[in-house]
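# An overview of the molecular structure
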Protein chains: 2
Amino acid sequence: MRTVLRGRSQEVAIAAGSTFVIIGEKINPTGNKKLAAALKSGQLDSAVDLAVRQVAWGADVLDINVGVPGLDEVQTIDRIVRMVAEAVDVPLCIDSGDPRVLEAGLAAAPGKPLVNSVNAEEKQLEAILPIVNNRGAAVIGLTLDEGGIPKTAEERVAAAEKILNRSIQEGIAEEDVIIDPLVLTIGSDSNAARITLETVGLLRERLGLNINLGASNVSFGLPDRPSLNQAFLAMAIQSGATCSITDPVKLGATIRASDALLGRDLFATRFIKHYRTTENLRQKEAGATTS
Amino acid sequence: MRTVLRGRSQEVAIAAGSTFVIIGEKINPTGNKKLAAALKSGQLDSAVDLAVRQVAWGADVLDINVGVPGLDEVQTIDRIVRMVAEAVDVPLCIDSGDPRVLEAGLAAAPGKPLVNSVNAEEKQLEAILPIVNNRGAAVIGLTLDEGGIPKTAEERVAAAEKILNRSIQEGIAEEDVIIDPLVLTIGSDSNAARITLETVGLLRERLGLNINLGASNVSFGLPDRPSLNQAFLAMAIQSGATCSITDPVKLGATIRASDALLGRDLFATRFIKHYRTTENLRQKEAGATTS
């Protein structure tokens, strides 16, 4: 299955066996007080800077979330999506649980954007899928329903099947549904990662859809999060995940390394190029900070 | 299958589903000029320091190699094994291609040591297996034969089967044979890692033996080797590898993270303990360097 996204001028295909697609997560005020304050004051330049920086570090797609309490999110997403789409060529992913915000973001986005996200709850499916279909967008479906995140891999696959079936009924193409099997921290449930990896394998086998995974929830509340996030991402890519909403600065090297290890990068040329580019960026950014 | 090794007082079991076993690789003069010079001059203290340091950083077993051109390796391995066995409790792994060096090292080692290594060449099997059996040791079998390292996973499994059958004929217990499916750098063959990971999966499925993998050959000649080595090790552990001859200082965190992610570390307590211990060591070692 091949999910094609389009930005202003760039096209990105997400597919099993292809190089892994990085969806930059940094335009998100959750846990980023500086960005939240900037959005509230209407200063959107820092969001544009984050867009440019993430693309430089290897993001193939950019996630845009403007969820700040008290903010006019409909107006903000419209403005920010236009500004980002002017600054970078890559496809955009509109990230909100509010249908009006999604609609505004999708209307402002060029090409064929992605929606983050719908889940298997009836209310959500009814509210979000028509918006995705009307815009001709692709959508990320989270495997959770009215009962929360199912405990077993089988139940998560069932939630994915529900999202897929409802999407097709709505008119969305099968290949435009990307499933995110969700992962919780292993700090509170030692089997959390194992079950998610098992779900990835089952989804790959049975549905053949593209699979998204965030790589940082898995280590929430634990020390040395990079070691956990990197190892988890490598395992997830090996299991069949095809894209991740993640931080290209922190996890880009692991992703390009995983592609190279799985035979998707002839003579590791892409890995080497990523290393050279980011070494330059690292030096430039360090210089900018100290000067 | 459960391979039990014993040191002076410590017992280590290598088994699928258990926590991954780290065999510290640092007592090896290959590529370590300082250690090579020390061994040549008969100064073995630095080897003992490396033993103590690796155990502190989480090594469960220690590999000992004294291969320096011109050195009396038989005499050196005897001395060094005795000194290391006095300094640390963990099982030892005697690393040589020379049967006389193996014999001397095994005779000096306490408990039940490991031999690194035999391969599927007739000459090797005949020379090494009787030594392993006489000492009641365990052995690592490399999947290479007279034709070199086979290109396909199936051929490597066949080489493993040959080693296993010959070992059993010789009187060695099945569970005391650990297979190393070998990995070459992806810098010269983009499928090198993929085929090794596939071999790990087949070995696990068909033979159920313990599987050892070095994690650093995979990145030879490439930049940013840590990203490649870490991702490869995480994938190998997920595929079924159960031990690695590796650097606990560089790769211990990835290994403890992989165990935690695969549900082998309740509440990540072992991972957290490893983090705390190594953070202390890092600070101490940095202090020792600057003072």
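All residue numbers here refer to positions counted from 1 along the written sequence of the relevant chain. For this description, chains carry letters from A and ligands carry numbers from 1, given in the order in which they are written. Thresholds applied to this predicted model are a pLDDT of at least 70 for local features of residues and 80 or more for the giving and counting of side-chain atom pairs; totals over whole chains, interfaces and linings are not thresholded and use all residues. The basis for every side-chain value is the complete set of non-hydrogen atoms in the structure, without hydrogens or water.

## Let's talk about the overall build of chain A
As a reminder, the rule being used: Counting from the N terminus, the helices are DSSP H or I runs at least four residues long and the strands are E runs at least two residues long. We compute the radius of gyration over the C-alpha atoms and compare it with the globule rule, which gives 2.2 Å times the number of residues raised to the power 0.38. Partly exposed residues are those whose accessible area sits between 20% and 50% of the maximum for their type, while under 20% is buried and over 50% is exposed, using a 1.4 Å probe and protein chains only. In what follows, residue pairs with any heavy atoms lying within 4.5 Å of each other are defined as contacts.
Scanning chain A from N- to C-terminus turns up 10 helices and 10 strands. Computed over the C-alpha atoms, the radius of gyration of chain A is 18 Å, within 12% of the 19 Å expected from 2.2 N^0.38 for a compact globule of 291 residues. The principal-axis extent of the C-alpha atoms belonging to chain A is close to 55 × 45 × 35 Å. Sorting the 291 residues of chain A into buried and exposed places 55% on the buried side. Counted over contacts in chain A with a minimum sequence separation of 6, partners at least 24 positions apart contribute 69%.

## Section: the relation of the copies chain A and chain B
Keep this limit in mind: Here the copies were fitted onto each other by least squares, based on C-alpha atoms from residues at pLDDT of at least 70 in both.
It takes a turn of 180° to lay chain A on chain B, together with a shift of 0.0 Å along the axis; the resulting RMSD is 0.0 Å. Within this description, the copies of the chain are treated as partners about a two-fold rotation axis. Proximity to the rotation axis, assessed at the C-alpha, singles out A:Met235 in chain A; its C-alpha lies 2.7 Å from the axis. Comparing interface residues between copies, 100% of those in chain A also lie at the interface in chain B; the contact surface is shared.

## Details of the sheet that holds strand S9 (residues 210–211) of chain B
Residues and elements named next belong to chain B. Our working definition: Pairing between two strands requires that DSSP report at least two bridges joining them.
Pairing in this open sheet of eight strands is parallel, and the strands run S9-S8-S7-S6-S5-S4-S3-S10 from one edge to the other. Of all strands in the sheet, those bounded by a partner on one side alone are S9 and strand S10 (243–246). Of the pairings in the sheet, the one linking strand S4 (residues 61–64) to strand S5 (residues 92–95) comprises three bridges and is parallel in character. Counted as the bridge partner of Leu-62 is Leu-92 from S5.

## Side note on the pairing of strand S1 (residues 2–6) of chain B
Residues and elements named next belong to chain B. Alignment of S1 against strand S2 (residues 11–15), held across five bridges, turns out to be antiparallel. Residue Leu-5 lies in a different strand from S2, and its bridge partner there is Val-12. Turn length for the S1-S2 hairpin, with the two strands adjacent in sequence and antiparallel, is four residues.

## Some thoughts on the interface of chain A and chain B
Condition: Put simply, buried area is the surface a 1.4 Å probe can reach on two separate parts but cannot reach once they are joined, added for both. Whenever a carboxyl oxygen of Asp or Glu lies within 4 Å of a side-chain nitrogen of Lys or Arg, that contact is scored as a salt bridge.
Chain A puts 35 residues into the contact, and the matching count from chain B is 35 residues. Across the chain A to chain B interface the summed buried area is about 3000 Å²; carbon plus sulfur atoms make up 71%. Looking at the side of chain A facing chain B, the largest losses of area belong to A:Ser190, A:Met235 and A:Leu261, adding up to 23% of the total buried there. At the junction of chain A and chain B, the tally comes to zero salt bridges.

## Some details on the layout of surface pockets
The test is simple: Only protein atoms enter the 1 Å grid, on which a cavity is a set of points fitting a 1.4 Å probe that cannot get out and a pocket is an open set with protein on both sides within 12 Å along at least 5 of 7 lines, lining residues being those with an atom within 4 Å of a point. Grid points are joined across faces, edges and corners, and a volume is the space filled by probe spheres set on the points. Under the scheme applied here, ten amino acids are nonpolar (Ala, Val, Leu, Ile, Met, Phe, Trp, Tyr, Cys and Pro), four are charged (Asp, Glu, Lys and Arg), and all others, including Gly, are polar.
Estimated volume of the largest pocket: approximately 1300 Å³. For the largest pocket, the lining is made up of 41 residues, of which B:Glu25, B:Lys26, B:Asn28, B:Thr30 and B:Ser216 are closest to its centre. At the level of secondary structure, the elements contributing two or more residues to the lining of the largest pocket comprise strand S3 (21–27), helix H1 (33–40), helix H2 (45–56), strand S7 (138–142), helix H8 (225–239), S10 and helix H9 (248–261) of chain B. Split by residue class, the lining of the largest pocket holds 16 nonpolar, 14 polar and 11 charged. In this structure, the second largest pocket encloses a volume near 1100 Å³. The wall of the second largest pocket is formed by 38 residues, among which A:Glu25, A:Asn28, A:Ser216, A:Asn217 and A:Ile245 lie closest to the centre. Contributing elements (two or more residues each) for the lining of the second largest pocket: strand S3 (21–27), strand S6 (114–119), helix H8 (225–239), strand S10 (243–246) and helix H9 (248–261) of chain A.

## Some details on unusual backbone geometry
Residues and elements named next belong to chain A. Omega for the bond connecting Asn-116 with Ser-117 falls within 30 degrees of zero, at 10°, which places this linkage in the cis form. Here Ser-117 shows up in strand S6. Despite not being glycine, Ala-268 has its phi angle at roughly 55°, a positive value. Among the secondary structure elements, Ala-268 is positioned in the loop between H9 and helix H10 (269–290).

## Some points on the sheet that holds strand S8 (residues 177–180) of chain A
All names here are of chain A. As summarised here, the arrangement of the eight strands in space is S9-S8-S7-S6-S5-S4-S3-S10, forming an open sheet in which the pairing is parallel. Two strands lie at the open edges of the sheet, namely strand S9 (210–211) and S10, each paired on one side alone. Strand direction decides the pairing type here: strand S5 (residues 92–95) and S6, joined by three bridges, are parallel. When the sheet's bridge partners are listed, Ile-94 is paired in S6 with Val-115.

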